[in-house]
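The chain contents come next:
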Protein chains: 4
Amino acid sequence: MSYNTFGRLFRVTSWGESHGPMIGCVIDGCPPRVKLSEADIQAYLDERKPGRSRFVTQRREADQVRIVSGVFDGMTTGTPISLIIENTDQRSRDYGDISTRYRPGHADYTYDRKYGIRDYRGGGRASARETACRVAAGAVARKVMAHLGASPPIIRGALAQIGDIAADRARWDWAVTRDNAFFAPDPEIVPLWEKQVDDVRKAGSSIGAVIEIVADSVPVGLGAPVSAKLDADLAHAMMGINGVKAVEIGDGFAVAALRGEENADPMRQENGKTVFESNHAGGILGGISSGQPIIVRFAIKPTSSILIPVPSITRDGEHIEVATKGRHDPCIGIRAVPVGEAMMACVLLDHMLMDHAQHHGGRGRDLPPDQP
Amino acid sequence: MSYNTFGRLFRVTSWGESHGPMIGCVIDGCPPRVKLSEADIQAYLDERKPGRSRFVTQRREADQVRIVSGVFDGMTTGTPISLIIENTDQRSRDYGDISTRYRPGHADYTYDRKYGIRDYRGGGRASARETACRVAAGAVARKVMAHLGASPPIIRGALAQIGDIAADRARWDWAVTRDNAFFAPDPEIVPLWEKQVDDVRKAGSSIGAVIEIVADSVPVGLGAPVSAKLDADLAHAMMGINGVKAVEIGDGFAVAALRGEENADPMRQENGKTVFESNHAGGILGGISSGQPIIVRFAIKPTSSILIPVPSITRDGEHIEVATKGRHDPCIGIRAVPVGEAMMACVLLDHMLMDHAQHHGGRGRDLPPDQP
Amino acid sequence: MSYNTFGRLFRVTSWGESHGPMIGCVIDGCPPRVKLSEADIQAYLDERKPGRSRFVTQRREADQVRIVSGVFDGMTTGTPISLIIENTDQRSRDYGDISTRYRPGHADYTYDRKYGIRDYRGGGRASARETACRVAAGAVARKVMAHLGASPPIIRGALAQIGDIAADRARWDWAVTRDNAFFAPDPEIVPLWEKQVDDVRKAGSSIGAVIEIVADSVPVGLGAPVSAKLDADLAHAMMGINGVKAVEIGDGFAVAALRGEENADPMRQENGKTVFESNHAGGILGGISSGQPIIVRFAIKPTSSILIPVPSITRDGEHIEVATKGRHDPCIGIRAVPVGEAMMACVLLDHMLMDHAQHHGGRGRDLPPDQP
Amino acid sequence: MSYNTFGRLFRVTSWGESHGPMIGCVIDGCPPRVKLSEADIQAYLDERKPGRSRFVTQRREADQVRIVSGVFDGMTTGTPISLIIENTDQRSRDYGDISTRYRPGHADYTYDRKYGIRDYRGGGRASARETACRVAAGAVARKVMAHLGASPPIIRGALAQIGDIAADRARWDWAVTRDNAFFAPDPEIVPLWEKQVDDVRKAGSSIGAVIEIVADSVPVGLGAPVSAKLDADLAHAMMGINGVKAVEIGDGFAVAALRGEENADPMRQENGKTVFESNHAGGILGGISSGQPIIVRFAIKPTSSILIPVPSITRDGEHIEVATKGRHDPCIGIRAVPVGEAMMACVLLDHMLMDHAQHHGGRGRDLPPDQP
């Protein structure tokens, strides 16, 4: 069993290899009559695109998306939306020795052992190039959410840390994340990161990072206990991004050191609205959104492709040293920011549709309890 | 849409409320002809059972499991296995004011807002009591794995940290985890934890924890990219356990601070077998198991039920203070150890079946590549 | 992979063997705040119950249902509803020779070959006893549909044919189907069927039947092309009932002999409503309900358990003759009527929830088209 | 919820509209290392292609398939296989009045009412053009089955009846079905059908048909009771083909008139193999394949597009008469033969993988029963 579909009602099936003719995805379950154009999607793809600064890979991909089904007269029709992105930068070259050499930290060895065959050109299916499809799907999800309600969720991502240099919470400003090459929320951290990534790049090495994604304006009640809890689905979505090794919600690992009263989020009412006095929970209680901001962080490992040689083996078990020449991201965490945002969008929309399905007809949440 | 089924091929559907007549689960997709008795399951349930020490809740539940379908003459038949556990400690009492009071940190508020109704007795569906069903399913999964192969995965869990006191890696010994009340892998940490949990309990408070689950002897090749990656499925499984706020694989969040060469796991061959010289990756590359030990850690928050009052509201928005009297776990992380082990067992078996399905007939992984 | 769950959003997982301690099902995805009692379900179970007339099996089962989760204070909570029915008529006897003898027409041979083991007592999992769970689920589905809308679908079933004696269309009267032992819609056919079934029973034989299920008041727009078409899902549901060998929608097989103009259902408007002048299509066009009555018919084979000996083999390949003594239905088609109704109810509700999910927020179907 | 994926382990997601730029499908779960080329698929597509005789639509589509992912060096890699077919015969014309006119028997009305929007060009998503994707998927399924075993299932389809003229069972010859324009298994019926279809075509009308699909060499044990029975899944697959109104397995509707002893399929052993003396059951018992040939028949309605005017309405409720000019199939049943074969192939392979998943490790079916 292979499994390339994510989502339960807003279902995205992605396909394609890094150096095949194209990659793409099919979005099934999209509500009809949502205005959607290629430009709506392209804007988000451009944020993830390689080659935008010296801090990311210099691969040159136009990443131009085409909508080839499911949209008519500028609106979704409720039928599957097929998106296609051509791979334009497939340099013709000899992949001969790559085909049998296992790059440490990559999926070469595990794909080969699982399938007995792999498309070794540029990582094939295991390449982070696949995440372009998720960004495209996330763009559609955002359009749908904006269509469905007057105050749709606001999803924002930022790079919170590169190496051991973290953005300063006191200076955190969502407004500036698109003003620099790092999606940094803290302008003063930018020169430090520039220097660090330059150093790493010049050393032929790479460096890890932490990404933070926050969703505001999320309706209360999203999450389907006990096996489709909102936090579990977000953990699945984020851990599934290439290179991610850790995910946390709200206070995350820090909760281990807290006492009950320190971790509690007291509640009160203000003008008829429920207000939480803190958000240790990261907006999710019992797997269901509480109406507070949803806060997710994830750590991404340093790019495995580095110029520094690492001992490895060939398919036949010979000992070799692998050093990856050519274009690579010194910090793949940077381009993971729009990917994390897109996954948040897809998961939230999926749960909005799930929640709505169960509350068919408006009964349930919206009604006051019956009198006994 | 509600969703109480986990797994794709080894599918577990759990049901039941904390104070209803019983809880249970249905396991669908279990291979036939596996020897299985109630005692096989009971052994694991007893580890999670309340009342085993003064460090866990004093609720008295026999947690006696019954197999009511799917097993005949002591063997599974390949049809659904229905497991039932009666709730025996449902004290008859007046739940009147609980019904409208929202306990901070619990799912009271979110369930009420999602469903417009909730079974408020003891947490209802949101109670950690539900995890008994997962432990039962995990016990079945372990029996099946032992049936399927000569060297099945070995799954072991331990409590790695309570509050800010962590077990010492240098003293880590899996052999002792069942010799103390904490599933501690480090005998010398036990008195420190005893004191800490006693202090917390006497103060009417609670404390967080970190659990570590390791699986050895995992076959290479488990994991179905890109939407059922093994690490993503483990993250989903662990984050779905009540109170969990963070999950990491291998080096987890620490990878953020690493350089590529520090994070690399060099490979070599030894006696015809692939050997990794380190395991920063935690046994998973590209979402597929590498044959190394799979290492998962998760953080669990301090129990929200504490004697220390926390400001909250009623269903009608009145301001109240909530202090939870009665029996509760001062550190829910302790009893989460067998739950984490069970989830690991379920996820691994599910992926073993998935992997086998795609490699029907032994072609694929097991064969050398065809000559071109 | 075993698979005992039907439905996509209203999901029913059934379990249990004919002669185990109990059978049951778990209903996941039920909307919350629907009034539901055991009596609501029992009424439908009683219609399917054995022993109600001399024309059905004389097995004595109380078929008493218990709701053991998911309902609180008389209302559904949105969490899984677990239903349990104890098997009370498990006569203690020696099943020795049944265990290795394959009854022709039964699933003995195929279960044994598939699983290498089977619960041979009374058919085990393959027994039509399992359909009690479907009837129970259908009862819940009807309650939900009544809750969701002012004019819910009206589902009615009847026995249309026994052997070669068919009910007369001209005398068809839904009001009388519960007034006789056959669910006959035609009072004049009853004495003919009584004689026929008595003859068959006395001869130690059995006889086939055709059942018709009609749903009126079905909203337009149900059905999810192209892989969850309403007619395909109904075909799946009906063909999955024990003994069913054929399913048709609307004119069914008769369409083969029609010309386009004979098969067309002309449309007109009357008082602002769309009216079809005929219903060859059986209420479904392109896999989507048209608002016309949905008409399904299915044929059910004669009971395979007969007193007349049939050549067969044992598990070890010895030649034997099998004649089934004891209690059996001479015409299993009779008790299939409430089962067919229940499946119709489950499928329709599932599609109502699916349709609603995609049309989140009321956009889509309900709005006039935007002006270009 | 929209739903365009069929299969559980061999999963096919189809997309595309009749007059969009292209149609296609994504096949997920295909075993790796299966030799596969575009020519393998093209051969089957050509059989379904329009314009092959005067008895089918004269639309000119090359129906040229491209494999754009999942195949490397001529072999499947175990990753998603994306197939694309460009629509080449999209005549540029004014679709103005079609956009608001509801063609009787088509899905125009129901799509419009469900989605509030539809791609009205040539039927859009509801067009039988979509079945090209199923034929392509079926071709892949056949290649996989041939790869998996030495004696894979042999799947053959034929047109059994056009209008009221049925092929003669006594003359039935699978060898000749590809020698005529009708997939007729009976050479002598061909001139009669030619005349009939010519008459119908000249009259501007259309005619219904019955298709029969038989699979030989099917392994015993396929089918996952009780909700993925093989017969139920086949019924779903066939009823989901455009225009199908009835499906039967084995004796189908004829069982209604049979007595138990007439319907029984006696069994014996011959040279250590189980032999059935008849096949009323159509190769399926209790939802599981018995090793006998699997026999499925389905009826397909006359094409709704006819020159003879039928009363209808516009979107705004105005009364009109609809007569469909232009190219259409006088008997859509003809081109449904390869579609039915393809669906049989997909369902069988899906169940082969499902069965294998549950019997991981060879235990189960293959072993003799343990001694008690």
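Residues numbered from 1 in each chain as written. Chains lettered and ligands numbered in written order. Predicted model: local features only at pLDDT ≥ 70, side-chain atom pairs only at ≥ 80, totals over all residues. Heavy atoms only, no water.

Let's shift gears to the sheet that holds strand β9 (residues 165–166) of chain A. Pairing in this open sheet of 10 strands is antiparallel, and the strands run β9(A)-β8(A)-β10(A)-β16(A)-β11(A)-β11(B)-β16(B)-β10(B)-β8(B)-β9(B) from one edge to the other. Bordering the open sheet on either side are β9 of chain A together with β9 (165–166) of chain B, each of which pairs with just one other strand. Bridge count between strand β10 (residues 209–216) of chain A and strand β16 (residues 294–300) of chain A: 7 bridges; the pairing is antiparallel. Paired with Val210(A) across the strands is Ala299(A), a residue of β16(A). (Pairing = 2+ DSSP bridges. Helix = DSSP H or I, 4+ residues; strand = E, 2+ residues; numbered from the N terminus.)

Taken residue by residue, the interface counts 112 residues in chain C and 112 residues in chain D. Of the roughly 8,600 Å² buried at the junction of chain C and chain D (both faces included), carbon and sulfur atoms supply 62%. Taken together, chain C and chain D are joined by 2 salt bridges. Asp355(C) is the salt-bridge partner of Lys114(D), the closest N and O atoms lying 2.7 Å from each other. Taken together, the connections running from chain C to chain D amount to 41 residue pairs in polar contact (both at pLDDT 80 or more). (Contact = heavy atoms within 4.5 Å. Buried area = accessible area lost by both parts, 1.4 Å probe. Salt bridge = Lys/Arg side-chain N within 4 Å of Asp/Glu carboxyl O. Polar contact = N/O pair within 3.5 Å; in protein donor to acceptor, adjacent residues only side chain to side chain.)

Another aspect to go through is the UniProt feature "binding site: NADP(+)" (unreviewed entry) in chain A. Residue and element names in this part refer to chain A. Using the residue numbers shown here, the UniProt feature "binding site: NADP(+)" (unreviewed entry) corresponds to Arg 48 and Arg 54. Note on placement: Arg 48 falls in helix α1 (residues 38–48). Polar side-chain contacts of Arg 48 include one of 3.3 Å to the backbone oxygen of Ala 128. Structurally, Arg 54 is set in the loop between α1 and β4 (65–69). Of the residues examined, Arg 54 reaches a relative accessible area of 43% and is grouped as partly exposed. In contact with Arg 54, not counting residues within four places along its chain, are Asp 198 and Arg 201. Here the side chain of Arg 54 touches Asp 198 through a polar contact of 2.7 Å, side chain to side chain. (UniProt positions renumbered as here; feature names shortened; annotations may be inferred. Buried < 20%, exposed > 50% of the residue type's maximum accessible area, 1.4 Å probe, protein only.)

Before going further, it helps to examine the packing of aromatic side chains. Any aromatic ring pair is given by two values, namely how distant the centres are and how the planes are angled relative to each other. Evaluated as defined, the whole model comprises 30 aromatic pairs over all chains. Aromatic pair Tyr111(A) and Tyr115(A): ring centres 5.5 Å apart, planes at 55°, arrangement tilted. Placement of the pair is Tyr111(A) and Tyr115(A) together in helix α2 (residues 108–115), with a separation of 4 residues, close to one helical turn. Among the residues examined, Tyr115(A) registers a relative accessible area of 1% and is labelled buried. Ring centres 5.5 Å apart and planes at 75° place the aromatic pair Tyr102(B) and Tyr109(B) in the edge-to-face group. Across this residue pair, the class does not change: Tyr102(B) and Tyr109(B) are buried. What links up through ring pairs into an aromatic cluster is the set Phe55(A), Phe182(A) and Trp193(A). Cation over ring: Arg169(A) sits above Trp172(A), and NZ or CZ is 4.3 Å from the ring centre. (Phe/Tyr/Trp six-rings, centres within 6.5 Å; stacked < 30°, edge-to-face > 60°. Lys NZ or Arg CZ within 6 Å of the ring centre and 35° of its normal.)

Residue and element names in this part refer to chain A. Among the 6 residues that make up strand β7 (residues 81–86), 5 are buried, leaving the element largely enclosed by the rest of the structure. As paired elements, strand β3 (residues 22–28) and β7 share 6 bridges and run antiparallel to each other. Paired with Ile 27 across the strands is Ile 81, a residue of β7. Two elements, β4 and β7, share 4 bridges in a ladder whose sense is antiparallel. Among the inter-strand pairings, Arg 66 is bridged to a residue of β7, identified as Ile 84.

The operation relating the two chain copies consists of a rotation about an axis and a shift along that axis. For the pair chain C and chain D, the best superposition has an RMSD of 0.0 Å and corresponds to a rotation of 180° with a translation of 0.0 Å parallel to the axis. Accordingly, the operation relating the two chain copies is best matched by a two-fold axis. Within chain C, the C-alpha atom positioned nearest to the axis of rotation is that of His236(C), 2.4 Å from it. Taken together, the interface assignments show that 100% of the residues at the interface of chain C recur at the interface of chain D, consistent with an identical surface on both copies. (Least-squares fit on C-alpha atoms with pLDDT ≥ 70 in both.)

With that settled, consider the confidence of the model for chain A. Residues and elements named next belong to chain A. Here chain A shows a mean pLDDT of 92. Residues at 70 or above account for 94%. Below pLDDT 50 for its whole length, residues 361–372 participates in 23 contacts with residues either more than four positions away or in separate chains. Among the scores for the predicted complex, ipTM is 0.96 and pTM is 0.97. (pLDDT = per-residue confidence, 0-100.)

Below, the discussion takes up the packing of helix α5 (residues 230–239) of chain B against helix α7 (residues 336–358) of chain B. All names here are of chain B. Contact geometry of α5 with α7 gives a least axis separation of 10 Å together with a crossing angle of 145°. Along this stretch, α5 crosses α7, giving a crossing that reads as right-handed. Residues Leu 230, Asp 233, Leu 234, Ala 237 and Met 238 of α5 form the contact with α7, whose participating residues are Gly 340, Met 343, Met 344, Val 347, Leu 348, His 351 and Met 354. (Axes fitted to C-alpha atoms, helices over the stretch in contact; angles between N-to-C directions. Left-handed = near helix turned anticlockwise from the far one by under 90°.)

Attention now moves to the pattern of salt bridges. This model, assessed by the stated rule, comprises 116 salt bridges over all chains. One salt bridge connects Asp108(B) with Arg103(B), and the closest N-O pair in it is separated by 2.8 Å. Neither residue differs from the other here; Asp108(B) and Arg103(B) are each classed as buried. Among the ionic pairs, Arg178(C) bridges to Glu341(C), the shortest N-O distance being 2.9 Å. Separated by 163 residues along the polypeptide, Arg178(C) in the loop between β9 (165–166) and α4 (190–202) and Glu341(C) in helix α7 (residues 336–358) bring together distant segments of the chain.

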